[in-house]
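An overview of the molecular structure
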Amino acid sequence: ININKHFGKEVKKYRKEQKLSQLGLAETARVDLSTINRIERGLENITLRNVFKITKALHVPLYKFFLVDKLTKKLDKNNRI
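So, a few notes on the structure that sits alongside this text. In this text the structure is predicted, and so the values were computed from the model without any measurement. (Residues numbered from 1 in each chain as written. Predicted model: local features only at pLDDT ≥ 70, side-chain atom pairs only at ≥ 80, totals over all residues. Heavy atoms only, no water.)

Structural notes on the overall build of the chain
Test applied: Comment: elements are numbered from the N terminus, with helices defined as DSSP H or I runs of at least four residues and strands as E runs of at least two. Exposed residues in this analysis have more than 50% of their type's maximum accessible area, buried residues have under 20%, and partly exposed residues fall in between, with area computed by a 1.4 Å probe over protein chains only. In what follows, a contact means two residues having at least one pair of non-hydrogen atoms within 4.5 Å. Accessible areas in this description were obtained via Shrake-Rupley with a 1.4 Å probe; residue shielding takes into account the shown protein chains only.
Helices and strands together make up the secondary structure of the chain, namely four helices and zero strands. When the elements of the chain are put in sequence order from the N terminus, they spell out α-α-α-α. By the burial criterion, 36% of the 81 residues in the chain qualify as buried. Here the contacts in the chain between residues at least 6 apart in sequence split such that 57% fall between residues at least 24 apart. About 5,800 Å² of surface is accessible on the chain, with carbon and sulfur atoms providing 52% of the total.

Right, dumping it as structure tokens:
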């Protein structure tokens, strides 16, 4: 699994659930709009600082951004995603 793409997909999902624009999230999290855009597209190698800013701004516990549904993901021979 590409962690950048997975995290970005989750950010976009929670942002849209809260009816926030990318600009609204960027302002609330105090992160550049271009950074939010790159994160959501899976292009940003996000810093831990920005992970915390974004999860706090979205009021979603950090662990929820990294949950993976094993039923929809393939596991390798060592049972890793």
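Points about the nonpolar core
The nonpolar side chains of a soluble globular protein tend to be buried, and buried together. What counts is decided by this rule: What is meant by a nonpolar core is a set of buried Ala, Val, Leu, Ile, Met, Phe, Trp, Tyr and Cys residues, joined one to another through side-chain atoms within 4.5 Å.
Ranked by internal contacts, the top residues of the largest apolar core, which has 16 residues, are F7, V11, L25, I54, L58 and F65. Sorting the residues of this core by element identifies α1 (3-17), α2 (22-29), α3 (33-40) and α4 (48-58) as the ones contributing at least two each. In terms of residue count, the dominant contributor to this core is α4 (four residues). Ignoring anything within four residues of it in the chain, the contact list for V11 reads L25, I39, E40, I54, L58 and F65.

Focus: the pattern of salt bridges
Applicable threshold: Think of a salt bridge as a Lys or Arg side-chain nitrogen and an Asp or Glu carboxyl oxygen that are within 4 Å of each other.
If you walk through the whole model with that rule in mind, you get three salt bridges. Between K13 and E10 there is a salt bridge, with its nearest N and O atoms 3.1 Å apart. You can see K13 and its partner E10 sitting in helix α1, three residues apart, about one turn around the helix. A relative accessible area of 37% places K13 in the partly exposed class. R15 is paired through a salt bridge with E40; the nearest N and O atoms lie 2.5 Å apart. Pair noted here: R15 is in helix α1 and E40 is in helix α3, with a separation of 25 residues, a long-range link. Take R15: its relative accessible area is 7%, and that puts it in the buried class.

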